[in-house]
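Descriptive structure summary
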Amino acid sequence: MLDKYVQSGFEGTVSLDSIGSGAGIRRYLHNECDVVSASRAMTMKEKMEAISLGKETVGIVVAMDAVAVCTGGGVSDDVSMAELPKLLTSDTWGEVRLEWPDEPIEKYYPGQDSGTFDFIVSTLFSGFAGSILSSSGLQLSEDDHVLVQGLLGDPWALGFFRLFVLCGSKR
């Protein structure tokens, strides 16, 4: 897809980096990129920084993300919204439900620069990331492929990441 920009005559540098929303917005604010595909809107602090730097920003909603919470397969029961914060921060499966095994939970979560991480923290933890960040077995990555590989390699793993669908048509 990026090759089409070059083929159509674009003479600038074209790259596609897999980084979190926060990191992408920081790059934009510091003139390291011109366009950011973020899974969240700019924060008020980021907007104020843009104004102070003389940058005019425009946000356009192209699609909406969904968040998937997945296991490595050792536990496949549905989890209620009430159980979700405890599951995301517990050390073992048995801490969440007595009928689940006392196996340690290896956690594969998006990094703190991720809009998906921000969404989970703001929605389930009232904006306080401490409980997630201090839990054991935690591995953070901005790369969804790393998260999926962690889940595939451990039946007792837990992870969350964004799901998105881009649709197009030829007319």
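So, a few notes on the structure that sits alongside this text.

About the thresholds
- Residues numbered from 1 in each chain as written.
- Predicted model: local features only at pLDDT ≥ 70, side-chain atom pairs only at ≥ 80, totals over all residues.
- Heavy atoms only, no water.
- Phe/Tyr/Trp six-rings, centres within 6.5 Å; stacked < 30°, edge-to-face > 60°.
- Buried < 20%, exposed > 50% of the residue type's maximum accessible area, 1.4 Å probe, protein only.
- Helix = DSSP H or I, 4+ residues; strand = E, 2+ residues; numbered from the N terminus.
- Pairing = 2+ DSSP bridges.
- Contact = heavy atoms within 4.5 Å.
- Polar contact = N/O pair within 3.5 Å; in protein donor to acceptor, adjacent residues only side chain to side chain.
- Axes fitted to C-alpha atoms, helices over the stretch in contact; angles between N-to-C directions.
- 1 Å grid on protein atoms, 1.4 Å probe; cavity = no way out; pocket = protein on both sides within 12 Å on 5 of 7 lines; lining within 4 Å.
- Points joined across faces, edges and corners; volume = space filled by probe spheres on them.
- Nonpolar A, V, L, I, M, F, W, Y, C, P; charged D, E, K, R; others polar.
- Core = buried A, V, L, I, M, F, W, Y, C linked by side-chain atoms within 4.5 Å.
- Salt bridge = Lys/Arg side-chain N within 4 Å of Asp/Glu carboxyl O.

Moving on: the packing of aromatic side chains. The final tally for this structure, using the stated rule, is 2 aromatic pairs. Ring geometry for Trp93 and Trp100: centres 5.6 Å apart, planes at 75°, overall edge-to-face. Accessibility assignment for this pair places Trp93 and Trp100 in one class, buried. A centroid spacing of 4.7 Å and a plane angle of 35° characterise the contact between Tyr109 and Phe160, whose relative ring orientation is tilted. Taken together, the positions of Tyr109 in strand 2 (residues 106–110) and Phe160 in strand 4 (residues 157–163) put the pair 51 residues apart, joining distant regions of the chain.

The element strand 4 is extensively covered by neighbouring structure, given that 5 of its 7 residues are classed as buried. One ladder, built from 6 bridges, connects strand 1 (residues 66–71) with strand 4; its direction is antiparallel. Counted as the bridge partner of Val67 is Arg162 from strand 4. Sheet analysis places strand 2 next to strand 4, joined by 3 bridges and oriented parallel. Following the sheet pairing, Glu106 is matched in strand 4 by Ala157.

For helix 5 (residues 115–124), the complete set of buried residues consists of Gly115, Thr116, Phe117, Ile120, Val121 and Leu124. On its buried face, helix 5 sits against helix 2 (21–29), strand 1, helix 4 (84–89), strand 2, helix 6 (130–133) and strand 4. The N-terminus of helix 5 is capped by Ser114, whose side-chain oxygen sits 3.0 Å from the backbone nitrogen of Thr116. Where helix 5 ends, the next residue or the one after it, Ser126, has phi of about 50°, a positive value.

The next point concerns the sheet that holds strand 1. Spatially, the 4 strands line up as an open sheet ordered 1-4-2-3, and their pairing is mixed. Strands with a single pairing partner mark the edges of an open sheet, and in this sheet they are strand 1 and strand 3 (138–141). Along the sheet, successive strands turn relative to each other by an average axial angle of 20°, direction set aside. The sheet strands contacting helix 5 are strand 1, strand 2 and strand 4, and the helix crosses strand 4 at an angle near 110°. With respect to the sheet, helix 7 (residues 144–152) is in contact with strand 1, strand 2, strand 3 and strand 4, its orientation differing from that of strand 4 by roughly 150°.

Here the second largest pocket defines a volume of roughly 160 Å³. Lining the second largest pocket, in full, are Gly22, Arg26, Leu29, His30, Arg40, Thr43, Lys45, Glu46, Glu49, Gln112, Asp113 and Asp118. Mapped onto the lining of the second largest pocket, the elements with two or more residues apiece are helix 2 and helix 3 (44–52). Taken together, the residues that form the lining of the second largest pocket break down as 1 nonpolar, 4 polar and 7 charged.

On to the nonpolar core, then. Within the largest apolar cluster, 18 residues are counted, with the highest numbers of intra-cluster contacts made by Leu87, Leu88, Trp93, Ile120, Ile132 and Leu158. Counting only elements with at least two residues in this core, the list comes to helix 4, helix 5 and strand 4. At 4 residues, the largest contribution of residues to this core is made by helix 5. Beyond its immediate stretch of four places on either side in the chain, Leu88 contacts Lys107, Tyr109, Ile120, Leu124, Phe125, Ser135, Leu158 and Phe160.

On inspection of all chains with the given rule, the structure shows 4 salt bridges. Its salt-bridge partner being Glu83, residue Arg97 comes within 2.7 Å of it at the nearest N-O pair. Taken as a pair, Arg97 in the loop between helix 4 and strand 2 and Glu83 in the loop between strand 1 and helix 4 lie far apart in primary sequence, 14 residues in all. For the residue pair Arg97 and Glu83, the accessibility class agrees, reading buried in each case. Within this structure, Asp77, Glu83 and Arg97 form a network of salt bridges that share partners.

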